[in-house]
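One letter stands for each residue in the lines below.
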Amino acid sequence: MAGRLSLPEADLTCPICCDIFKDPVVLKCSHSFCATCLQEYWTRHGRSRDCPLCRAQGLDDPVPSLSLKNLCESFMLESEGSEAAVAALRADGELYCDPGEMCPVHGERLKLYCLPDKEPICVVCHTSRKHKQHDCCPISEAVVDVKEKIKSALSSLQEKKDTFDKMKKNFEDAVLHIQVQARFVERRTHEEFQKLHSFLEVEEKTRMDALKREEEEKTEEMKQKIEEVERNISSVCESIRALEEEMALEGVSVLHSCKKTLERTNSPAVDPVMAPGALIDVAKYIGSLTFRVWEKMGKVTKYTPVTLDPNTAAPWLVLSDDLTAVRDSEEKQQLPDNPERFDPDTAVLGREGFTSGRHSWDVEVGDNTAWVVGVAKESVKRKEKVSSVLSNGYLCVYFYHKMYFAGTSPLTRLSLKKNPLRVRVELDCDKGRVSFHDPLNNTAIYTFKHAITEKVFPYFWVGCQQCPLTIKPMVVSLKADSLHLV
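What counts, and at which threshold
- Residues numbered from 1 in each chain as written.
- Predicted model: local features only at pLDDT ≥ 70, side-chain atom pairs only at ≥ 80, totals over all residues.
- Heavy atoms only, no water.
- UniProt positions renumbered as here; feature names shortened; annotations may be inferred.
- Pairing = 2+ DSSP bridges.
- Helix = DSSP H or I, 4+ residues; strand = E, 2+ residues; numbered from the N terminus.
- Axes fitted to C-alpha atoms, helices over the stretch in contact; angles between N-to-C directions.
- Parallel < 35°, antiparallel > 145°, perpendicular 65-115°, else oblique.
- Left-handed = near helix turned anticlockwise from the far one by under 90°.
- Contact = heavy atoms within 4.5 Å.
- Nonpolar A, V, L, I, M, F, W, Y, C, P; charged D, E, K, R; others polar.

An unreviewed UniProt entry lists the chain under the name Tripartite motif-containing protein 35, with Parambassis ranga as the source organism. Under the Subcellular location (unreviewed entry) heading, UniProt states for the chain: "Cytoplasm". Per UniProt, the chain has the following entry under Sequence similarities (unreviewed entry): "Belongs to the TRIM/RBCC family."

Written as structure tokens, this is what we have:
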């Protein structure tokens, strides 16, 4: 098919000769052509009256279109001076129209965009029953609007992709971190159990050595008793032999020797008696053995009432291997951005939270120049840098710029006679009270009276790299309660 013009006169152009209609006729399929062009097309292709555009078959004769003819004549009168320019453009092929830009129903150029139906239409469609009175805009404007929407959609999808890429990277980092955590736990567990194994091995050896010494000592005592008895047996046997010899004598000779023999047999002999405690005290060794070992183990092991949770620690913090000390650092570690972690605030929580009961722990602050200790509600914001004050969910005291404060709203300046080296935190969930003391001087620092309505966790903030905050172990004693039988 020949090309078509894209100028305003394109709607008045025959799709066969690409010129303004001359004696236009319209087929039943609504497509229009020059009467002469249509007859020549049918003759040249030998087809039975099919439409050159849509190939629709029709038996009816083409109907002259007087309105289209009048429009073409008017257009020709108005554009007589531009025919040469139009012909030149047509010769250059710049006015070629792609078939996809044609209306499949009317064969007209798609110039409008129906906003309610969201589809391109031609000027004939605009007057049809389907699109009549619909809001329309030029195709060029619709293309601009659609491209803006596509651009926005692309931007949104790119942002979503970037988010997914970041999430994937975070999950991949989490996998590596989980493996690092597992190896760390394996190493620490092995070290702690090795200490227990070593203690038990030493304890077992000590007990076995004591048992062996007692066995040797008491065996030696029994051997000495046996030797003493054997000497007595030998003496008695000698006396028996002598008496038997005396019995064999006759006459006066018996009388001469019997006195001496009888005196020897009548000499007093001490009967051997087993002394008390001669046997091994079995009960001492195996009575409540596991409890005795456990009791002794309690003297060499330590219990820390609060264990720091590394999954909540800010990336700048460095925790000790036993999770009882924390300090600040200059280097940010590559850690997963999990919801529990504080970032950017340099804080860490204790692992166990509390909703009831009484709890206490001591924190060695030493010469630390910037610290906060206390408790924090589970709902505190962890991805924002906020003040650790009561209004934000914290019940804490802190030391900053050589001054002490209680985290009230507004802050309460504390006047302490002596800088505490250790701070004791006492939490009473049932009474809604958090108290701070200096256990070394037995002096009170501050007390919050605030109802505990949600789980709270031990809270530590540190801004010092040289001196860590350290949770001190507690003295633990094991007691066996008396058993009362009814």
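With that settled, consider the sheet that holds strand 2 (residues 32-34). Spatial strand order, 2-1-3: 3 strands in an open sheet with antiparallel pairing. In this open sheet, the two edge strands, each paired with only one partner strand, are strand 2 and strand 3 (63-64). Looking at chain direction, strand 1 (residues 24-26) and strand 3 are connected through 2 bridges and run antiparallel. Along strand 3, the bridge assignment pairs Val 25 with Pro 64.

The axes of two packed helices give the description: the angle between them and the distance between them. The interhelical angle for the contact between helix 5 (residues 139-248) and helix 8 (residues 289-297), taken along N-to-C directions, is 120°, at an axis separation of 11 Å. By the angle class used here, helix 5 and helix 8 are oblique. Classified by chirality, the crossing of helix 8 by helix 5 is right-handed. Residue-level contacts link Leu 196, Phe 199, Leu 200, Glu 203 and Arg 207 of helix 5 to Leu 289, Arg 292, Val 293, Lys 296 and Met 297 of helix 8. Classifying every residue of the contact of helix 5 with helix 8 gives 6 nonpolar, no polar and 4 charged.

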